[in-house]
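# A structural walkthrough
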Amino acid sequence: DTRLYEMRIYTAAPGKLAALHARFRQHTCRLLERHGIVNIGYWTPLEEKDGVGTRLLFVLAHPSREAREKAWQAFMADSEWQAAYRASEAEGRLVEKVEVRFLRATDFSPPIFPPGRGGPRVFELRTYTAAPGRLEALLARFREHTTSLFEKHGIQNVAYWVPAEGESGAEDTLIYFVAHASREAAAVSFKNFGADPAWQQARRESEEKAGGSLTVPGGVRSEFMQATDYSPLQ
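Residues numbered from 1 in each chain as written. Predicted model: local features only at pLDDT ≥ 70, side-chain atom pairs only at ≥ 80, totals over all residues. Heavy atoms only, no water.

### A word on the sheet that holds strand β2 (residues 38-45)
Pairing is antiparallel around the closed barrel formed by eight strands, whose spatial order is β1-β3-β2-β8-β5-β7-β6-β4. Within this sheet the neighbouring strands show an average axis-to-axis angle of 35°, counted without direction. As paired strands, strand β5 (residues 122-130) and strand β7 (residues 173-180) are joined by eight bridges and run antiparallel to one another. Paired with Val122 across the strands is His180, a residue of β7. Here helix α1 (residues 17-34) sits on the sheet in contact with β1 (4-12), β2, β3 (55-62) and β4 (95-105), set at roughly 170° to β2. (Pairing = 2+ DSSP bridges. Helix = DSSP H or I, 4+ residues; strand = E, 2+ residues; numbered from the N terminus. Axes fitted to C-alpha atoms, helices over the stretch in contact; angles between N-to-C directions. Contact = heavy atoms within 4.5 Å.)

Written out as structure tokens, the structure reads:
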């Protein structure tokens, strides 16, 4: 998969998340596709850490960085988008903050689109920060062991990315989505995964070879998310 992925996180203005969802549902997703931007998935956190119901995370795909720039310019210049934008913000802006990350799929990521297995399920966004010089070892462990052991214990592999070249974290970050039947199922699955002798051996051998942990202290972050009703990936 050679596409450029774009992960965007929008923090809605107070009380505006529903209106933001409506704009994506009724206009934005369709108009993005009109200009060659592929909608992969849209999610909201199950538990907000910095407010209640304020964030929307979504992932888009482009053939290349150049194609992305041209498509966004065309989208922003689209008269239908401009009209939808003005109408939706007649009583105030909908978005307070926009965060953007450009990503590349790893060679062991499953096909990200068209969508794979569907819901109902919860998604888990996990971000790993590798110890200095150990990102390749971390990726190798996922490629050779972790992803297959996840599936063994009922953890569905959805997508695996690293930041694109030149992006912050390109030397030490792995970002991925997995899915579970429920949060309770996730707890059981990870408990069984952690106790699996095959995982314990793979972890031990990979750390012995690298000379220590493959991630920095506190370098594993997790957030549970749910797909929006208009998300292609469910």
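### Quick look at the nonpolar core
If you look at the biggest cluster of nonpolar residues, it comprises 21 residues, and the most contacted ones within it are Tyr5, Met7, Trp43, Leu57, Val59, Trp161 and Phe177. Judged by nonpolar contacts, the second largest core, of 20 residues, contains Cys29, Leu56, Phe75 and Val95. (Core = buried A, V, L, I, M, F, W, Y, C linked by side-chain atoms within 4.5 Å. Buried < 20%, exposed > 50% of the residue type's maximum accessible area, 1.4 Å probe, protein only.)

### Things to note about the pattern of salt bridges
All chains considered together, the criterion is met by 16 salt bridges. We note a salt bridge from Asp229 to Arg25, for which the minimum N-O separation is 2.9 Å. On the criterion of sequence distance, the pair formed by Asp229 in the segment after β8 (215-227) and Arg25 in helix α1 is long-range, its members being 204 residues apart. Accessibility expressed as a relative area gives 58% for Asp229, which makes it exposed. Given the relative accessible area of 40%, Arg25 is considered partly exposed. Notably, a salt bridge pairs Arg55 with Glu223, separated by 2.6 Å at the nearest N-O pair. Of the two residues, Arg55 is situated in strand β3 and Glu223 in strand β8; the sequence distance between them amounts to 168 residues. Each member of the pair Arg55 and Glu223 is classed as buried. One continuous salt-bridge network, built from bridges that share partners, spans Glu6, Arg8, Arg68 and Glu69. (Salt bridge = Lys/Arg side-chain N within 4 Å of Asp/Glu carboxyl O.)

### Some points on the pairing of β5
Most of β5 sits out of view: eight of its nine residues are buried. Pairing between β5 and β8: seven bridges, direction antiparallel. Considered in β8, the bridge of Thr127 is made with Arg221.

### Details of the packing of α1 against helix α3 (residues 79-88)
The contact between α1 and α3 brings their axes to 10 Å, and the two run at 160°. Comparing the axis directions of α1 and α3 gives the class roughly antiparallel. Here the hand of the crossing between α1 and α3 comes out left-handed. Every residue of α3 that contacts α1 at Arg23, His27, Thr28, Arg30, Leu31 and Arg34 is listed here: Glu80, Trp81, Ala84, Tyr85 and Ser88. Along the lines of polarity and charge, the residues of the contact of α1 with α3 split into four nonpolar, three polar and four charged. (Parallel < 35°, antiparallel > 145°, perpendicular 65-115°, else oblique. Left-handed = near helix turned anticlockwise from the far one by under 90°. Nonpolar A, V, L, I, M, F, W, Y, C, P; charged D, E, K, R; others polar.)

### Re helix α6 (residues 197-210)
Compared with an ideal rise of 1.5 Å per residue, which puts 14 residues at 20 Å, α6 spans 20 Å between its outermost C-alpha atoms and is within 8% of the ideal. Residues Trp199, Ala202 and Ser206 constitute the buried set of α6. In a view along the axis of α6, the buried residues occupy a sector of 65°, so they form one face of it. Relative to its buried face, α6 has exposed residues pointing more than 90 degrees away, namely Pro197 and Glu208. Buried residues along α6 sit in contact with α4 (135-152) and α5 (183-195). (Expected span 1.5 Å × (residues − 1). Arc of directions from axis to C-beta.)

### Some points on the environment of Arg55
Taking relative accessible area as the criterion, Arg55 reaches 17% and is therefore assigned buried. Separated by 38 residues in the primary sequence, Arg55 and Leu17 have C-alpha atoms spaced 7.6 Å apart.

### What about the pairing of β2?
Buried residues dominate β2, accounting for seven of its eight residues. As paired strands, β2 and β8 are joined by three bridges and run antiparallel to one another. When the bridges of β8 are listed, Trp43 appears paired with Ala227.

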